[in-house]
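Remarks on the overall topology
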Amino acid sequence: AKWISSITVHPTGDHVVVGSYDRRVVWFDLDFGTKPYKTLQYHDRAVRCAAFHPGKYPLLACASDDATVSILHARVYSDLMQ
């Protein structure tokens, strides 16, 4: 991400999603290091906000300047063998 617009941390604390002005949503798994786990580009304009659902649902919401909101299934496993 070149210019960061928002940062959200998963409730478990080991995943971070960064929204950026260059239309990308970058997902980092802090257990695996500093390289992005996934880079998503679903929007045509800057991503202004990204947020994990604070409760029990495995959802990630991303809002953009293109007047859209993407709701993504974002399940995080506590054990990689699941």
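Residues numbered from 1 in each chain as written. Predicted model: local features only at pLDDT ≥ 70, side-chain atom pairs only at ≥ 80, totals over all residues. Heavy atoms only, no water.

Looking at the nonpolar core
Under the convention used in this document: Nonpolar cores were defined as sets of buried Ala, Val, Leu, Ile, Met, Phe, Trp, Tyr and Cys residues, with membership established by side-chain atoms within 4.5 Å. Three labels apply to residues, based on accessible area from a 1.4 Å probe with only protein chains included: buried if under 20% of the type maximum, exposed if over 50%, partly exposed otherwise in between. Put simply, DSSP marks the helices as runs of H or I at least four residues long and the strands as runs of E at least two long, and each gets a number from the N terminus on. Only heavy atoms matter for contacts: two residues are in contact if any of them lie within 4.5 Å across the pair.
In this structure, Val17, Val25, Trp27, Leu40, Val47, Ala50, Phe52, Leu60, Cys62, Leu72, Ala74 and Val76 together form the largest nonpolar core, which totals 12 residues. Counting only elements with at least two residues in this core, the list comes to strand S3 (25-29), strand S5 (47-52) and strand S6 (59-64). In terms of residue count, the dominant contributor to this core is S5 (three residues). Excluding anything up to four places from it in sequence, leucine 40 contacts Arg23, Arg24, Val25 and Leu72.

Topic: the confidence of the model for the protein chain
Any segment with low pLDDT has predicted coordinates that should not be analysed in fine detail. Heads up, the condition is: Along the chain, pLDDT gives the predictor's confidence residue by residue, from 0 to 100.
Of all residues in the protein chain, 93% have pLDDT values of 70 or greater, and the mean over the chain is 88. At the level of individual helices and strands, the protein chain shows its lowest average pLDDT in strand S4 (residues 38-40), which scores 90, and its highest in S6, which scores 95.

Comments concerning the pairing of strand S7 (residues 69-73)
On any regular strand, side chains alternate: one points to one face of the sheet, the next to the other face. Rule in force here: Between any two strands, at least two bridges found by DSSP are needed for them to pair.
On S7, burial follows the alternation: Ser70 and Leu72 on one face are buried, whereas Val69, Ile71 and His73 on the facing-out side are not. Bridge count between S6 and S7: five bridges; the pairing is antiparallel. For cysteine 62, the partnering residue across the bridge sits in S7 and is serine 70. What sits between S6 and S7 in their antiparallel hairpin is a turn of four residues, with alanine 67 showing a positive phi close to 65 degrees.

Comments concerning the sheet that holds S7
Strand pairing within a sheet occurs via backbone hydrogen bonds; the two strands may be parallel or antiparallel. The line we're drawing: Axis lines are fitted through C-alpha atoms, for helices just across the contact stretch, and the angle between N-to-C directions can take any value from 0 to 180 degrees.
Spatially, the three strands line up as an open sheet ordered S5-S6-S7, and their pairing is antiparallel. At either end of the open sheet lies a strand with only one pairing partner, and these are S5 and S7. Each adjacent strand pair in this sheet contributes to an overall mean axis angle of 15 degrees, direction not counted.

Description of the packing of aromatic side chains
How two aromatic rings sit relative to each other is given by the distance of their centres and the angle of their planes. Convention followed: The aromatic pairing rule takes the rings of Phe, Tyr and Trp, using the six-membered ring of Trp, and pairs them if the centres are within 6.5 Å, calling planes under 30 degrees apart stacked, those over 60 edge-to-face and the rest tilted. Charges are assigned to positions over rings by a cutoff of 6 Å between ring centre and Lys NZ or Arg CZ, combined with an angular limit of 35 degrees from the ring normal.
Considering all chains together, one arrives at two aromatic pairs under this definition. Each ring, one from tryptophan 27 and one from phenylalanine 52, has its centre 5.9 Å from the other, and the planes form 75 degrees; the classification is edge-to-face. With a gap of 25 residues between them, tryptophan 27 in strand S3 and phenylalanine 52 in strand S5 connect regions that are remote in the sequence. For tryptophan 27, a relative accessible area of 9% corresponds to the buried category. Put simply, the rings of Trp27, Tyr37 and Phe52 pair up and form one aromatic cluster. Across from the ring centre of tyrosine 37, 5.7 Å away, lies the NZ or CZ of lysine 38, which sits over that ring.

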